[in-house]
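Listed here are the chains, written in short residue letters.
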Amino acid sequence: MSSLDINEQRALIKSAHRYISEKLEDHFSSEFLPKALVICGSGLSGISTKIADEPKPLILSYSTIPGFKVSTVPGHSGELIFGYMNGAPVVLMNGRLHSYEGHSLAETVHPIRALHLLGSINVLIVTNAAGGINASFKAGDLMCVYDHINFPGLCGFHPLRGANFDEFGPRFLATSDAYDLELRKLLFSKKKELNIERKIHEGTYSYVHGPTFESRAESRFLRLAGTDAVGMSTVPEVVTARHCGWRVLALSLITNECVVDPPASAHDENPVPIQEGKATHEEVLENSAKASKDVQELIFSVVAEI
């Protein structure tokens, strides 16, 4: 899609919107207007279990929707799910798209623009698995994002690069207010109401391209830059949603604690094993599974009040 000009991209977005609208009209007996998009991060697809069985949800595979790319990462099934969660009409992206998979940024955010044309969505709830950079963060903690650093974007690898979609939003978008304060307050009120004991921090999420996990030196640099948690997603989706005028709530599950200490010297007599503390995708999925119930309950409670 990155090789397409803006009019070709517009046509593809409209085609995806028409396909989705027709499927919604055929499936639901009455008009279905989702008011929120929930994006499920790595290992957090269990959020989909909070969709009510009746009326029966509509599930659309990415592979069937014009312009949608297929998820290739374990833990991302690659489907849109339309249904009711706690009485609220929502759509879930059960699995997201990452640019490190070989997709252009335009392709990774294509679903948001296509769904925006439904005309009813004004909230994005986005989840992710992230590495803890803040020394006080432990695996299993949650972080409500209140700011971000878009490292690829600062270097020109940006979801709004190219001709602007004026019909969606402004050429120059402010991101200083990207993460909605009232939605963050709602999240913390629901934590208290549900008696969730899991620690939830607020902090800054840094987006890096991936797919490699950060080196020790990169982790130290990220900490010095003001990063609390780091991951390979979310910010392109947030920026595009804000460009569409949506409000955003972002929640990171800390799945591992990033290694920041320098590696042992070859001259150390009793070096710490260099592999100690290194991150793996299996660890990400395992810790996501452990915390998924709390994430599910939080989102289930939040969507009813947006």
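Residues numbered from 1 in each chain as written. Predicted model: local features only at pLDDT ≥ 70, side-chain atom pairs only at ≥ 80, totals over all residues. Heavy atoms only, no water.

Basically, it comes down to this: UniProt positions are given in the numbering used here, feature names are shortened, and annotations may be inferred rather than shown by experiment.
As annotated in an unreviewed UniProt entry, the protein chain is Purine nucleoside phosphorylase from Kluyveromyces lactis. Under the UniProt heading Sequence similarities (unreviewed entry), the entry covering the protein chain gives this text: "Belongs to the PNP/MTAP phosphorylase family." Under Pathway (unreviewed entry), UniProt gives the following word-for-word description of the protein chain: "Purine metabolism; purine nucleoside salvage."

## A look at the UniProt feature "binding site: guanine" (unreviewed entry) in the protein chain
Applicable threshold: Strands here mean DSSP runs of E at least two residues long; helices mean DSSP runs of H or I at least four residues long; both are numbered from the N terminus. Burial classes: relative accessible area under 20% of the type maximum marks a residue as buried, over 50% as exposed, and values in between as partly exposed (1.4 Å probe, protein chains only). We call two residues contacting when some pair of their heavy atoms lies within 4.5 Å.
Residues annotated in UniProt with the feature "binding site: guanine" (unreviewed entry) correspond here to A129, E214 and N256. A stretch of 128 residues holds the annotated residues, and the largest C-alpha distance among them is 14.1 Å, short enough that they meet in one place. Along the chain, A129 falls in strand β5 (residues 123–132). By relative accessible area, which is 18% here, E214 ends up buried. Aside from chain neighbours lying at most four places away, what touches E214 is V208, S219, L222, V230 and C258.

## Let's talk about the nonpolar core
To keep it simple, the criterion reads: For our purposes a nonpolar core is just a set of buried Ala, Val, Leu, Ile, Met, Phe, Trp, Tyr and Cys residues, chained together by side-chain atoms within 4.5 Å.
Core analysis: the biggest nonpolar cluster contains 48 residues, and I20, L37, L80, F82 and L115 have the highest contact counts within it. No other element matches the five residues that helix α1 (residues 6–27) contributes to this core. For L80, the contacting residues outside a window of four places in its chain are I20, L58, I59, L60, Y62, I65, F68, V91, L92, M93 and L115. L44, I47, I125 and L249 belong to the second largest nonpolar core, which has 29 residues in total.

## Observations concerning the packing of α1 against helix α2 (residues 105–116)
As a reminder of what qualifies: Lines are fitted to the C-alpha atoms to define the axes, a helix being fitted only along its stretch in contact, and any angle between axes, read from their N-to-C directions, falls within 0 to 180 degrees. Here is the rule for angles: anything less than 35 degrees is roughly parallel, anything more than 145 is roughly antiparallel, 65 through 115 is roughly perpendicular, and the remaining ranges are oblique. Each crossing gets its handedness from the near helix: less than a right angle anticlockwise from the far helix is left-handed, clockwise is right-handed. Basically, the charged four are Asp, Glu, Lys and Arg, the nonpolar ten are Ala, Val, Leu, Ile, Met, Phe, Trp, Tyr, Cys and Pro, and anything else, Gly included, counts as polar.
Two elements in contact, α1 and α2, have axes whose closest approach is 9 Å; the angle formed by their N-to-C orientations is 50°. With respect to α2, the axis of α1 lies oblique. The way α1 lies across α2 gives a crossing that is right-handed. When α1 is examined against α2, the residues Q9, L12, I13, A16, H17 and I20 are found in contact with a partner set consisting of A106, H110, R113, A114 and L115. Residue classes in the contact of α1 with α2 are distributed as seven nonpolar, three polar and one charged.

## Thoughts on the environment of L92
Of note, L92 is situated in strand β4 (residues 88–94). Owing to a relative accessible area of 0%, L92 belongs among the buried residues under this scheme. Each C-alpha atom, one on L92 and one on K35, is 11 Å from the other, the two residues being 57 residues apart in sequence.

## What to know about unusual backbone geometry
The peptide bond linking E54 to P55 adopts the cis configuration, its omega dihedral lying at -10°. Following the sequence through the fold, P55 ends up in the loop between β1 (36–40) and β2 (58–61). The backbone phi angle of N195 is positive, close to 55°, even though this residue is not glycine. Looking at the element boundaries, N195 is found in the loop between α4 (181–193) and β7 (200–207). Looking at N195, the relative accessible area reads 63%, which means it is exposed.

## Thoughts on the side chain of T234
Using the following cut-off: Distance and chemistry together define a polar contact, namely a pair of N or O atoms within 3.5 Å, with one atom able to donate a hydrogen and the other to accept it when in protein, and with adjacent residues in sequence counting only for side-chain atoms on both sides.
By the secondary structure assignment, T234 is in the loop between β8 (229–231) and α6 (235–243). Engagement of the side chain of T234 in a polar contact is seen with the side chain of R96, the distance being 3.5 Å. A polar contact is formed between the side chain of T234 and the side chain of N128, at a distance of 2.9 Å.

## Remarks on the packing of aromatic side chains
This is how it is decided: By convention, a stacked pair of Phe, Tyr or Trp rings (six-membered ring in the case of Trp) has centres within 6.5 Å and planes under 30 degrees apart, an edge-to-face pair has planes over 60 apart, and any other such pair is tilted. Charge-over-ring placement is defined geometrically: NZ (Lys) or CZ (Arg) within 6 Å of the ring centre, and within 35 degrees of the ring normal.
Within the structure shown, the criterion is met by six aromatic pairs. For the pair F28 and F32, a centre-to-centre distance of 4.3 Å together with 10° between the ring planes defines the contact as stacked. For the residue pair F28 and F32, the accessibility class agrees, reading buried in each case. Ring centres of Y62 and F68 lie 5.7 Å apart, and the angle between their planes is 55°; on these two criteria the pair is classed as tilted. The same class applies to Y62 as to F68, namely buried. Taken together, the ring pairs connect F28, F32, F82 and Y84 into an aromatic cluster. Directly above the aromatic system of F300 lies the positively charged group of K50, at a separation of 4.8 Å from the ring centroid.

## Thoughts on the pattern of salt bridges
Just so we agree on the cut-off: Only one rule defines a salt bridge in this text: a Lys or Arg side-chain nitrogen within 4 Å of an Asp or Glu carboxyl oxygen.
Summed over all chains, the structure comprises 11 salt bridges. A salt bridge links E167 to R10, with the nearest nitrogen and oxygen atoms 2.6 Å apart. Residue E167 is found in the loop between α3 (151–154) and α4, and its partner R10 is found in helix α1; the two are separated by 157 residues along the sequence. Three or more residues joined by partner-sharing salt bridges are found here, namely K190, E193 and E305.

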